[in-house]
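Notes for the structure review
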Amino acid sequence: MKNIIILLAAGAVFASCGNSRNSARPAGTGYDAAPAPVESRGDRRDTDLAGTYRGSLPCADCGGIDVELRLDNEGRYRLRTRHISDKDGQKDIESEYEGTYSWSAGTRTVTLNGIANQPNRYLYTDGHLIQLDMGGKRIEGPLADKYVLRK
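Rules used throughout
- Residues numbered from 1 in each chain as written.
- Predicted model: local features only at pLDDT ≥ 70, side-chain atom pairs only at ≥ 80, totals over all residues.
- Heavy atoms only, no water.
- 1 Å grid on protein atoms, 1.4 Å probe; cavity = no way out; pocket = protein on both sides within 12 Å on 5 of 7 lines; lining within 4 Å.
- Points joined across faces, edges and corners; volume = space filled by probe spheres on them.
- Helix = DSSP H or I, 4+ residues; strand = E, 2+ residues; numbered from the N terminus.
- Nonpolar A, V, L, I, M, F, W, Y, C, P; charged D, E, K, R; others polar.
- pLDDT = per-residue confidence, 0-100.
- Contact = heavy atoms within 4.5 Å.
- Salt bridge = Lys/Arg side-chain N within 4 Å of Asp/Glu carboxyl O.
- Buried < 20%, exposed > 50% of the residue type's maximum accessible area, 1.4 Å probe, protein only.

Section: the layout of surface pockets
Volume-wise, the second largest pocket comes out at about 230 Å³. Elements with a contribution of two residues or more to the lining of the second largest pocket: β2 (65-71), β3 (76-83) and β4 (93-104). Element by element, the count of residues in the lining of the second largest pocket is highest for β3, at 3 residues. Per-class residue counts for the lining of the second largest pocket are 9 nonpolar, 5 polar and no charged.

What follows is the structure in structure tokens.
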């Protein structure tokens, strides 16, 4: 009987040491949720990265995409987009995404975590962000200079 009590006590101690993350806030529930660890190869504070960036990006099947991206110093972002309709009678499509971002000082890129099936990487240069393609490369061609978000 004494061995069972000791075994139960040891199990309780090990169970309490298991997962130290705060489970009161589910991951990815919004801007006010606790930030996930930021994969950083350098300090975001080495740049003036935090702020609100805006721009109108080209769109193959609409009249353009108005973008507003807010980055904070805690590793969180808020991305708002509005796909402008180029057809009479159709409404613009607005979307909002919130989550954490990763900063890579080596490549000077910001990755918006939790966004899939659309570009989520930006190159930080000269105080603005340049949207990268789905493969993380700079967009080339006659519209390349249109993929810029400015503070």
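Remarks on the confidence of the model for the protein chain
In the predicted model, the protein chain carries a mean pLDDT of 77, and 69% of its residues have values of at least 70. Taken together, the stretch residues 1-42 has pLDDT below 50 and engages in 30 contacts with residues farther than four places along the chain or on a different chain.

Digging into the pattern of salt bridges
Under the defined criterion, the tally for this structure stands at 9 salt bridges. Here E96 ties to R78 by a salt bridge, and the two come within 3.6 Å at their closest N and O atoms. On the criterion of sequence distance, the pair formed by E96 in strand β4 and R78 in strand β3 is long-range, its members being 18 residues apart. On the accessibility criterion, E96 (44% relative accessible area) is partly exposed. Across the pair R78 and E98 runs a salt bridge, and its minimum N-O distance is 2.7 Å. Separated by 20 residues along the polypeptide, R78 in strand β3 and E98 in strand β4 bring together distant segments of the chain. A cluster of three or more residues bridged by salt bridges with shared partners is formed by R54, E68, R78, R80, E96 and E98.

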